Amino acid sequence: MPQTRGLARGLPLLVLTLALTGCAISPPRTVTSAFPVLAPATLGAAHSARQLLHAAFGEHDLVFQCVVDADPDAFTVVGLDALGQRWFSLHHDGRTLDTRLGPQAPQQLDPARVLADLQLALWPLKALQQALGGSAWQVSEPAPATRRLRRDGRLVAEVHYAGADPWQGQLWLSNFETGYTLSVESRPVQ
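For clarity, every value in this text was computed on a predicted model and none was experimentally measured.

Q: Sorry, what's going on with the side chain of Thr146 here?
A: As for its placement among the helices and strands, Thr146 is situated in strand 8 (residues 146-151). Only 3.4 Å separates the side chain of Thr146 from the side chain of His160, close enough to count as a polar contact.

Structural data, given as structure tokens:
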């Protein structure tokens, strides 16, 4: 698998960590979400990024890392805690979305929500609009560096970007419906 070899060359510690924690991961499960999951091909190009995420919800804070690898055939996300232990992994091949949760993953962590947030923040606007067309969901960019998600006209989430490329640099996401915020720092995987 070329994606895995690329990650292994760029992140040997990650590969070792995944090998050591692989036995502790639960069996795959199919995730469903009201927000449609977009096929990897709709991204339009291959991207890989290492992300540092800071989530805040209520009085709780959560810091974790994600390694995101996407090409037209598949989208893979591996979530790790600050010590490099795998909390979750998800893989979407355009047909099936499988997730695996590690036993040390926080109960509040929902990989399907992570995927929806990543797609809202990282996917091209046109791809999102086409996928959501005819549904209760609408996505727009009313101002430069701002993306909004609405359901039935009501603002659900908003993303702000520090730069032109969401795959590099800082972005902030606020989900008003469920009351959490994310700060995401992305760097390309070399």
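Q: Honestly, the nonpolar core in this entry has me stumped. Any pointers?
A: As a rule of thumb, nonpolar side chains are buried together in soluble globular proteins. Within the largest apolar cluster, 42 residues are counted, with the highest numbers of intra-cluster contacts made by Phe75 and Phe88. At six residues, helix 3 (residues 111-122) tops the list of elements feeding residues into this core. Apart from residues lying up to four places away in sequence, Phe88 is in contact with Phe64, Cys66, Val77, Val78, Gly79, Arg100, Leu101, Leu109, Pro111 and Val114.

Q: Hey, could you run me through helix 4 (residues 125-132) in this one?
A: Because the α-helix completes a turn every 3.6 residues, residues three or four places apart line up on one side. Those residues of helix 4 that fall on the buried side of the exposure criterion are Ala127, Leu128 and Leu132. All buried residues of helix 4 project into a common sector of 120 degrees when viewed along the axis, lining one side. Facing away from the buried side of helix 4 by more than 90 degrees, the exposed set consists of Lys126 and Gln130. Contacts from the buried residues of helix 4 go to helix 3, strand 7 (137-143) and strand 8.

Q: What is the right way to look at the packing of aromatic side chains in this model?
A: Note on aromatic pairs: each is described by the distance of the centres and the angle between the planes. Applying the stated criterion across every chain yields a total of three aromatic pairs. Aromatic side chains Phe64 and Trp87 sit 5.7 Å apart centroid to centroid with 45 degrees between the ring planes, which places their arrangement in the tilted category. Of the two residues, Phe64 is situated in strand 3 (residues 60-71) and Trp87 in strand 5 (residues 86-92); the sequence distance between them amounts to 23 residues. Classification of Phe64 by relative accessible area gives buried; the value is 3%. By way of ring pairs, the aromatic residues Phe64, Trp87 and Phe88 are connected into one cluster.

Q: I keep staring at the pairing of strand 8 and nothing clicks. Help me out?
A: Looking at chain direction, strand 7 and strand 8 are connected through five bridges and run antiparallel. Bridge pairing in strand 8 places Gln138 opposite Arg150. Taken together, strand 7 and the strand that follows it, strand 8, pair antiparallel across an intervening segment of two residues, in which Ala145 is found at a positive phi of about 65 degrees. With six bridges joining them, strand 8 and strand 9 (residues 154-161) adopt antiparallel strand pairing.

Rules of the game
The residue numbering used here restarts from 1 in each chain and proceeds along that chain's sequence as written. Thresholds applied to this predicted model are a pLDDT of at least 70 for local features of residues and 80 or more for the giving and counting of side-chain atom pairs; totals over whole chains, interfaces and linings are not thresholded and use all residues. The side-chain figures draw on all heavy atoms in the structure; neither hydrogens nor water molecules are used. By definition, any uninterrupted DSSP run of H or I lasting at least four residues is a helix, any uninterrupted run of E lasting at least two residues is a strand, and each is numbered from the N terminus. Within 3.5 Å is the distance limit for a polar contact, defined as a pair of N or O atoms, with the added protein rule that one can donate a hydrogen and the other accept it, and that residues adjacent in sequence qualify only through two side-chain atoms. Here, nonpolar core means buried Ala, Val, Leu, Ile, Met, Phe, Trp, Tyr and Cys residues that are tied together by side-chain atoms lying within 4.5 Å of each other. The cut-offs for exposure are 20% and 50% of the maximum accessible area for each residue type, with area from a 1.4 Å probe on protein chains only; residues under the lower value are buried, those over the upper are exposed, and the others partly exposed. Contacts are residue-level and defined by heavy atoms, with any inter-residue pair within 4.5 Å sufficient. Throughout, the arc means the angular range of directions from the helix axis out to the C-beta atoms. Here is the rule: rings of Phe, Tyr and Trp (six-membered ring for Trp) pair when centre to centre is within 6.5 Å. Planes less than 30 degrees apart are stacked, more than 60 are edge-to-face, and the remainder are tilted. Paired strands, in this sense, are two strands between which DSSP finds at least two bridges.

It is worth stressing that arrangement in space is one thing and function is another; only the former is reported here.
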